[in-house]
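Working through the structure, step by step
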Amino acid sequence: MTKVAKIPVIDIAAEGEDQARVARDLVEAAIEHGFIYIKNTGKDIPVDAIENAFNLSKKLFATPLEEKQRCKIQQNNRGWTGMHYETLDPKNQRVGDHKEAFNFGEFIDGKAKQPLPSTMVPYESQISAFRDLCYQMCLKLNTLLGIGLDVQPPDFFTAAHLREKGPSGTTLRFLHYPPLASTDADREDVRAGAHSDYGSMTMLFRLKGQAGLEILTGDSTWAPVPVSPPGTEDDPAPPILVNIGDLLSYWTNGLLRSTVHRVVFPGPGKGVVEGESDAEPRYSMAFFCHPVGSTALTPVPSERVKGSAAAPKGASSEGNPYAERKVMTADEHLQMRLRASYLELYNDKD
């Protein structure tokens, strides 16, 4: 039997729950694991909104190639990337990632501030609405982290993420991973190379039955992350998987853990969770939450954070090469990570 990752499941929307206790549980999970399942009952993000967003994602990736190429990613991290364009683990990958993605940045009054494929223009207000739901949930999670860490003031993280204070690197990303049979990949290739995420936190939405995500455990082995862990199989939708990013780990002196993860072709009998498969295309949606770009990443005002001097746990030198403490802004931190992942994009334009 495959040994799966042990990640806590937390319900942040349960009625009558002590929010201080929920906040403490969230912080402890972020320190110990870096990944947390957030039980998805549809109270924060309606299930039908998630289903609709997945349908739009499939429509986007079915768009003719020339339409997607017209929206090719730029150095602002907005737009489409094709197969092999992004290389998340350049030191160890034979070729770039076996995936395509589309990054959505800011919307104003339901309109995207970037080019969109013509097939998506009629739906941009729906994409904007889904992005807003994700944003509001991230504010809620940031508030809970502030409470759980006894940050003074408690809304320190939340205030740093308010979009009315300025632009940020916050991004909604649609992802499409073709099955092995329709690619030029070998079974040992990866669909997304080993990496830790860049920002404050990531919210990941997945579809039942679709295998591939693994995290690097404390004993340096890879463990698959089930879409629906035990106890959530009958929930209206799979839990939302939240993980701490490098920026938040850096910001908290390494107290909160930024965990290395990857997406693979697990194959029969090789790291496949029961009921999951990589035989079909894999679709996922990630919401990368970032503070306002001008935010200075000085250690947060928390006695627990001040007492932590450890480097981010679980973040290898390849996964998080920017853990060394030095004052920088959120935008500077993001740009260092993007340059490492999009070699072609930056080599072309520098």
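Conventions used here
Residues numbered from 1 in each chain as written. Predicted model: local features only at pLDDT ≥ 70, side-chain atom pairs only at ≥ 80, totals over all residues. Heavy atoms only, no water. UniProt positions renumbered as here; feature names shortened; annotations may be inferred. Helix = DSSP H or I, 4+ residues; strand = E, 2+ residues; numbered from the N terminus. Expected span 1.5 Å × (residues − 1). Buried < 20%, exposed > 50% of the residue type's maximum accessible area, 1.4 Å probe, protein only. Contact = heavy atoms within 4.5 Å. Pairing = 2+ DSSP bridges. Axes fitted to C-alpha atoms, helices over the stretch in contact; angles between N-to-C directions. Parallel < 35°, antiparallel > 145°, perpendicular 65-115°, else oblique. Left-handed = near helix turned anticlockwise from the far one by under 90°. Nonpolar A, V, L, I, M, F, W, Y, C, P; charged D, E, K, R; others polar. Polar contact = N/O pair within 3.5 Å; in protein donor to acceptor, adjacent residues only side chain to side chain. Core = buried A, V, L, I, M, F, W, Y, C linked by side-chain atoms within 4.5 Å. Right-handed = clockwise from strand over helix to strand, strands pointing away. Phe/Tyr/Trp six-rings, centres within 6.5 Å; stacked < 30°, edge-to-face > 60°.

As annotated in an unreviewed UniProt entry, the protein carries the name 2OG-Fe(II) oxygenase superfamily protein and comes from Phialemonium atrogriseum. Under the heading Sequence similarities (unreviewed entry), UniProt records this for the protein: "Belongs to the iron/ascorbate-dependent oxidoreductase family."

1. Regarding helix α2 (residues 47-61)
Between its terminal C-alpha atoms α2 stretches 22 Å, which fits the 21 Å expected from 15 residues at 1.5 Å a residue. Regarding α2, the residues found buried are Val47, Ala49, Ile50, Ala53, Phe54, Leu56, Ser57, Leu60 and Phe61. Tucked into the core, α2 has its buried residues touching α3 (65-69), β4 (100-104), α4 (124-148), β7 (171-177), β9 (201-206) and β14 (282-289).

2. A short note on the pairing of strand β8 (residues 190-195)
Burial analysis of β8 places six of its six residues in the buried class, the great majority of the element. With three bridges joining them, β8 and strand β13 (residues 261-264) adopt antiparallel strand pairing. Bridged to His195 within β13 is His261.

3. Considering the packing of α2 against α4
Angle between the axes and distance between the axes are the two parameters that describe a pair of packed helices. Where α2 meets α4, the closest approach of the two axes is 10 Å, and the angle between their N-to-C directions is 130°. Accordingly, the angle class assigned to the pair α2 and α4 is oblique. The element α2 and its partner α4 pack so that their crossing is left-handed. Here Ala49, Ile50, Asn52, Ala53 and Leu56 of α2 lie close against α4, whose contacting residues are Gln126, Ile127, Phe130 and Leu133. Counted by class, the contact of α2 with α4 contains seven nonpolar, two polar and no charged residues.

4. Quick notes on the side chain of Thr202
Tracing the backbone shows Thr202 in strand β9. Among the polar contacts listed, one links the side chain of Thr202 to the side chain of Asp197, at a separation of 2.7 Å. Apart from the residues within four sequence positions on either side, Thr202 is in contact with Asp197, Leu241, Val242, Asn243, Ala286, Phe287 and Phe288.

5. Digging into the sheet that holds strand β1 (residues 9-10)
Across a sheet, strands are paired by hydrogen bonds formed along the backbone, either parallel or antiparallel in direction. The sheet built from eight strands is open, its strands ordered β1-β2-β12-β9-β14-β7-β4-β3 with mixed pairing. A strand with exactly one partner marks an edge of an open sheet, and here the two such strands are β1 and β3 (79-81). Relative to strand β2 (residues 35-38), β1 runs parallel, the two being bridged by two bridges. Within β2, the residue paired with Val9 across the bridge is Tyr37. Set on the sheet, α4 makes contact with β2, β4, β7, β9, β12 (240-244) and β14; between it and β9 the angle comes to about 130°.

6. Here's the deal with the nonpolar core
In globular proteins that are soluble, nonpolar side chains generally tend to be buried together. The biggest cluster of nonpolar side chains holds 64 residues, and the ones touching the most others in it are Ile38, Ile45, Phe104, Phe130, Leu141, Met203 and Phe205. When near neighbours in sequence (up to four residues on either side) are disregarded, Ile45 contacts Asn40, Ile50, Phe130, Leu133, Cys134, Met137, Met203, Phe205 and Ile240. Within the second largest apolar cluster, 24 residues are counted, among which are Phe35, Ala223, Leu241 and Ala286.

7. Topic: the pairing of β2
Residue alternation in β2 divides its side chains into two sets, Phe35 and Tyr37 and Ile36 and Ile38, and both sets are buried. As for the winding sense of the linkage, the β-α-β connection from β1 through helix α1 (residues 19-32) to β2 is right-handed. Of the pairings in the sheet, the one linking β2 to β12 comprises four bridges and is antiparallel in character. Looking at the pairing, Tyr37 lines up with Leu241 of β12.

8. Comments concerning the packing of aromatic side chains
Centre-to-centre distance and the angle between the planes together describe a pair of aromatic rings. What the rule picks out here adds up to seven aromatic pairs. Look at Phe104 and Phe107: their rings are 6.2 Å apart centre to centre, the planes differ by 35°, and that puts the pair in the tilted class. A single burial state applies to Phe104 and to Phe107, both of which are buried. Seen in terms of ring centroids, Phe156 and Trp251 are 5.6 Å apart; in terms of plane orientation they differ by 55°. Their pairing is tilted. Within this pair, whereas Phe156 is found in helix α5 (residues 156-160), its partner Trp251 is found in helix α6 (residues 246-251), the two being separated by 95 residues in sequence. According to the relative accessible area criterion, Phe156 is partly exposed, its value standing at 22%. Put simply, the rings of Phe102, Phe104, Phe107 and Phe174 pair up and form one aromatic cluster.

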